[in-house]
Amino acid sequence: MSKTIRIGTRDSELALWQAKTVQQQLEHLGHKTQLVPVKSTGDIVLDKPIYELGITGVFTKTLDIAMLNEEVDIAVHSLKDVPTVLPKGIVQAAVLKRGNVRDCLVFKDNEEFLSQREAIIATGSLRRRAQWLNRYPTHTMVGLRGNVNSRLDKLEDNDWNGAIFAAAGLGRLDMKPEESFNLEWMIPAPGQGAIMITALESDEEIRAICAEINYEESEIATSVEREFLNRLEGGCSAPIGALAFVKDEEVHFQGVLLSLDGTKKIEVQRTVALGSHHELAQFCADYIIERGGKRLMDNLKKSSQGVNIYSTKTLTDDQKQLFHDDVVSESSDFIKISLNRMTPKVLRPMPKNVIITSKNAVEALLTNFAAQELQFENIYCVGRRTKRLVERKIGKVKHTENNSKALAEYLVDYIEGTEVTYFCSDIRLDELPEILKENHIEVNEVTAYETKYDSAKINDNIKGVMFYSPSTVQSYKQENDDNVIAFCIGETTAKEASKHFEDVRIAKVPTVESVVELVNEHYV
């Protein structure tokens, strides 16, 4: 080729190293070249994690534009930074022989922190963060951005135990410290350690030249990894790892998808004959999806949106899935329950009439006594789920109501006798015992469990809060204001919420699922 090949590259030290490697290989084949450095958004904005920048191809977009404007003939990228779908008119022209694929831990002083409960590890990658927390759940992760030099400096200047880098980057710049080692257990990013060249689809001459330096085994391996990533609909915002390699005429693959906090992890491994590998990525992605990956990806997508609903009770994964797409929730337990010790005197004589208003009281009874000891003649409950638990664990329920007031009013008319034993919390509403006492029914209160407030300060952007008992309302108010919609599980909870909130809504039936439905109705 007579004309000079203009090589587009980011202007970071590592990117220039990679571009010069391409330049050397092309010039070795007799081609004339010129480096054209371009600064990318990913290099300019260093105060935010990559996944928060909201740009597809944060390190490649500027080069794509330069190529489409015909300001460069080819662009050189770290393959792991390249979106799985290239812009229209741009194609992958070559993948060089792959370097070190592994992640590397650079540490300070010594490695003793790996066996300790507390440690601080720095990384700007969700994938590295999630895998580290999966292995070391008690460690603290902090963000880290910048080029290799600046990240090493930040590690030195901060009170961190270590930071995670791509081993290839450290090696290429000859900057790998002695206090470091590769993390063989950590699955790398798709394409990690590989250098990729893009060109215009229409420029057949340039593409033919790039094909001369393409390394087929690296191209095959990284193509499988990137298709796996694409089929999971991942990118910088999802903790996805993938590694493929060709050995002995076989393609070996290992992939992983994790939750952001590392508590959930789905893995896949598969080996197929070279030549039969074209369905490998799809098989492995489907394997992940079928084993909970779709739900995990849905949760990851939602996590990128702003949270607008907070639950004062930890929600299960199944309950979270019931929300509409426009609802993004967070949850934690605003009350902690401590079961009390009850002596055998509680059952002497055996109470004839018993009131149980929560599942916590059931658990407290069964913690202190065998089910066979609980020979109550008449059991009265609040809530269908409490009733189901009682009938499964203790015995037949004579009558149930949706709230304590309604149960008290029923007992005034229909109780057998004039005495009842009430297994309750140390924090309970006065309404039920007061109504009974006013109607000359003696109430023997047994404090079966204690309710402790454990409030958390929620984000000001949250517009609605889900409440499940008067105690959750009271706990919430310890740390938060009342400028939210109160979605309540029942009338008793709503009565307490009405003391603090202007907009109070009540679920149709007293279940968590019904409160979720109430929230969904608001966002229709």
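The structure we're discussing is the one just above.
This structure is a prediction, so every number in the text was calculated from the model and none was measured.

1. Focus on the layout of surface pockets
For the second largest pocket, the calculated volume is near 1,300 Å³. Lining the second largest pocket we find 47 residues, and of these Thr357, Ser358, Asn360, Tyr468 and Ser469 sit closest to its centre. When its residues are assigned to classes, the lining of the second largest pocket shows 16 nonpolar, 22 polar and nine charged.

2. Examining the sheet that holds strand S13 (residues 265-273)
Strands belonging to one sheet form pairs held by backbone hydrogen bonds; the direction of such a pair is parallel or antiparallel. The strand order across the open sheet formed by three strands is S11-S12-S13, and the pairing between neighbours is antiparallel. Edge strands, defined here as strands with exactly one partner in the open sheet, are strand S11 (240-247) and S13. Going from strand to strand, the sheet's axes swing by 10° on average, the running direction of each strand aside. Contacting S11, strand S12 (250-258) and S13, helix H4 (residues 126-135) runs over the sheet at an angle of about 80° to S12. The strands touched by helix H8 (residues 216-231) are S11, S12 and S13; relative to S11, the strand with the most contacts, the crossing angle is about 150°.

3. Side note on helix H14 (residues 431-438)
Of all the positions in H14, only Leu432, Pro433, Ile435 and Leu436 are classed as buried. What you see down the axis of H14 is that its buried residues fit within an arc of 165°, all on one side. Of the surrounding elements, those touching the buried residues of H14 are strand S17 (353-356), helix H13 (404-414), strand S20 (419-425) and strand S21 (442-453). Just past H14, the residue histidine 440 takes up positive phi, approximately 65°.

4. Section: the pairing of strand S22 (residues 464-467)
Burial along S22 is two-sided: the residues Gly464 and Met466 and Val465 and Phe467 are all buried. Bridging between strand S14 (residues 309-311) and S22 involves three bridges; their strand directions are parallel. Counted as the bridge partner of serine 311 is methionine 466 from S22. Pairing of S22 with strand S23 (residues 485-488) involves four bridges; the strand directions are parallel. Bridged to phenylalanine 467 within S23 is cysteine 488. A crossover connection joins S22 to the parallel S23 through helix H15 (residues 470-477); in handedness this β-α-β unit is right-handed.

5. So, the side chain of threonine 511
With respect to the helices, strands and loops of the structure, threonine 511 is situated in the loop between strand S24 (504-506) and helix H17 (512-522). Residues contacting threonine 511, with those up to four places away along its chain left out, are Arg384, Arg385 and Ile489.

6. A short note on a positive patch on the surface
Together, Lys313, Lys359, Arg384, Arg388, Arg392 and Lys393 make up a region of like positive charge exposed at the surface. Residue contributions to the positive patch peak at four residues, all from helix H12 (residues 384-393). Counting through the fold element by element, arginine 388 comes out in helix H12. Relative accessible area serves as the criterion here: at 47%, arginine 388 is assigned to the partly exposed category.

7. Comments concerning unusual backbone geometry
With an omega of -10°, the peptide bond between arginine 348 and proline 349 qualifies as cis. With respect to the helices and strands, proline 349 occurs in the loop between strand S16 (335-339) and S17. Phi at aspartate 174 takes a positive value of approximately 55°, unusual for a residue other than glycine. Within the secondary structure, aspartate 174 sits in the loop between helix H6 (167-172) and strand S9 (180-183). A positive phi angle, close to 50°, is found at aspartate 248, a residue other than glycine. Within the secondary structure, aspartate 248 is located in the loop between S11 and S12.

8. Some points on the packing of helix H11 (residues 359-368) against H12
Two elements in contact, H11 and H12, have axes separated by 9 Å at closest approach and are oriented at 20°. One element, H11, and the other, H12, form an angle in the roughly parallel class. Residues Lys359, Val362, Glu363 and Leu366 of H11 form the contact with H12, whose participating residues are Arg385, Thr386, Leu389, Val390 and Lys393. Across the contact of H11 with H12, the residue classes break down as four nonpolar, one polar and four charged.

9. Concerning the pattern of salt bridges
Under the definition given, this model contains 26 salt bridges. Across the pair lysine 336 and aspartate 454 runs a salt bridge, and its minimum N-O distance is 3.6 Å. Taken as a pair, lysine 336 in strand S16 and aspartate 454 in the loop between S21 and S22 lie far apart in primary sequence, 118 residues in all. Note on aspartate 454: relative accessible area 34%, which makes it partly exposed. Arginine 505 is paired through a salt bridge with aspartate 503; the nearest N and O atoms lie 2.9 Å apart.

10. Side note on the packing of aromatic side chains
As enumerated under the stated definition, the model contains 13 aromatic pairs in all. Look at phenylalanine 376 and phenylalanine 423: their rings are 6.0 Å apart centre to centre, the planes differ by 40°, and that puts the pair in the tilted class. Pair noted here: phenylalanine 376 is in the loop between H11 and strand S18 (378-382) and phenylalanine 423 is in strand S20, with a separation of 47 residues, a long-range link. Aromatic ring contacts, followed pair by pair, group Tyr310, Phe334, Phe467, Tyr476 and Phe501 into a single cluster. If you follow arginine 270 out to its NZ or CZ, it ends over the ring of phenylalanine 283, 3.8 Å from the centre. When the ring centre of tyrosine 287 is taken as origin, the NZ or CZ atom of arginine 291, which lies over that ring, is 3.6 Å away.

11. Some details on the pairing of S17
Because side chains alternate across S17, one face comprises the buried residues Asn353 and Ile355, and the other comprises Val354 and Ile356, equally buried. With four bridges joining them, S17 and S18 adopt parallel strand pairing. Bridging from a neighbouring strand, asparagine 353 pairs with asparagine 378 of S18. Where S17 lies against S20, three bridges are found, and the strand directions are parallel.

12. Quick notes on the packing of H13 against H14
Across the interface, H13 lies against H14 with an axial gap of 8 Å and an inter-helix angle of 20°. With respect to their mutual orientation, H13 and H14 come out roughly parallel. Crossing of H13 over H14 shows right-handed handedness. Where H13 abuts H14, its residues Ser404, Lys405, Leu407, Ala408, Leu411 and Val412 lie against Glu431, Leu432, Ile435 and Leu436. Here the contact of H13 with H14 is built from residues that sort into seven nonpolar, one polar and two charged.

What counts and how
- Residues numbered from 1 in each chain as written.
- Predicted model: local features only at pLDDT ≥ 70, side-chain atom pairs only at ≥ 80, totals over all residues.
- Heavy atoms only, no water.
- 1 Å grid on protein atoms, 1.4 Å probe; cavity = no way out; pocket = protein on both sides within 12 Å on 5 of 7 lines; lining within 4 Å.
- Points joined across faces, edges and corners; volume = space filled by probe spheres on them.
- Nonpolar A, V, L, I, M, F, W, Y, C, P; charged D, E, K, R; others polar.
- Pairing = 2+ DSSP bridges.
- Helix = DSSP H or I, 4+ residues; strand = E, 2+ residues; numbered from the N terminus.
- Axes fitted to C-alpha atoms, helices over the stretch in contact; angles between N-to-C directions.
- Contact = heavy atoms within 4.5 Å.
- Buried < 20%, exposed > 50% of the residue type's maximum accessible area, 1.4 Å probe, protein only.
- Arc of directions from axis to C-beta.
- Right-handed = clockwise from strand over helix to strand, strands pointing away.
- Patch = residues over 30% accessible without salt bridge, like charges linked within 9 Å, V, L, I, M, F, W, Y side chains within 5 Å.
- Areas by Shrake-Rupley, 256 points an atom, 1.4 Å probe, with all protein chains shown as cover.
- Salt bridge = Lys/Arg side-chain N within 4 Å of Asp/Glu carboxyl O.
- Lys, Arg positive; Asp, Glu negative; His and termini not counted.
- Charge placed at Lys NZ, Arg CZ, Asp CG, Glu CD.
- Parallel < 35°, antiparallel > 145°, perpendicular 65-115°, else oblique.
- Phe/Tyr/Trp six-rings, centres within 6.5 Å; stacked < 30°, edge-to-face > 60°.
- Lys NZ or Arg CZ within 6 Å of the ring centre and 35° of its normal.
- Left-handed = near helix turned anticlockwise from the far one by under 90°.

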